[in-house]
Amino acid sequence: PRSTPTKDSGGANAMSPDMLDSSGTDLVDEYGLRIITLESVRREIWIRKCSIKVDVLCKIFQVTGSSKGLSKAEKTKRKERKSRFNNICFELCTMEGNLLTLKQHYAKK
């Protein structure tokens, strides 16, 4: 299991305000990874002026990296997580090179 990001740590693992739900609890799974939802991805891109590089967004949601040394169940979970992330990105964004830009009707929320 990975360590849970904290509010005072820096970098891609820093906890942004959207990592807390209305009750104030963290939106992370049992492995300490951010839960990937349409709203959390949309908000993360919106915070960055409606566009973000793909690799930066992948680091924020920790969907990149090697799967060497992982068990079969962990590899399956990682594959499902990456697939969910890609589907949400295709729904929310247009892609120009390696830059994701929110579609107009998602940028206005």
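Refer to the structure presented above.
Being a predicted model, the structure only gives us computed values, none of them experimental.

**What to know about the environment of R81**
Okay, so step 1: Within the element layout of this structure, R81 appears in helix 3 (residues 72-92).
Okay, so step 2: Put simply, R81 and Q62 are 19 residues apart on the chain and 9.5 Å apart in space, counted from C-alpha to C-alpha.
Okay, so step 3: Those residues in contact with R81 that sit more than four places away from it in its chain are D29, L33, R34, I36, F61, Q62 and V63.

**Here's the deal with the packing of aromatic side chains**
Okay, so step 1: In this structure the tally under the stated criterion is one aromatic pair.
Okay, so step 2: Judged by centre distance (6.0 Å) and plane angle (45°), the rings of F61 and F85 are tilted. Of this pair, F61 sits in the loop between helix 2 (54-60) and helix 3 while F85 sits in helix 3, placing them 24 residues apart in sequence.
Okay, so step 3: With relative accessibility at 2%, the residue F85 sits in the buried group.
Okay, so step 4: The residue whose ring lies beneath R34 is F61, and the NZ or CZ to ring-centre distance is 4.5 Å.

**Regarding the nonpolar core**
Okay, so step 1: If you look at the biggest cluster of nonpolar residues, it comprises 18 residues, and the most contacted ones within it are V41, L57, F61 and F85.
Okay, so step 2: Elements represented by at least two residues in this core include exactly helix 1 (38-47), helix 2, helix 3 and strand 3 (99-102).
Okay, so step 3: With four residues, the single largest contributor to this core is helix 3.
Okay, so step 4: Setting aside chain neighbours within four positions, we find V41 in contact with I36, L57, F61, I88, C89 and L92.

The rules behind the values
Residues numbered from 1 in each chain as written. Predicted model: local features only at pLDDT ≥ 70, side-chain atom pairs only at ≥ 80, totals over all residues. Heavy atoms only, no water. Helix = DSSP H or I, 4+ residues; strand = E, 2+ residues; numbered from the N terminus. Contact = heavy atoms within 4.5 Å. Phe/Tyr/Trp six-rings, centres within 6.5 Å; stacked < 30°, edge-to-face > 60°. Buried < 20%, exposed > 50% of the residue type's maximum accessible area, 1.4 Å probe, protein only. Lys NZ or Arg CZ within 6 Å of the ring centre and 35° of its normal. Core = buried A, V, L, I, M, F, W, Y, C linked by side-chain atoms within 4.5 Å.

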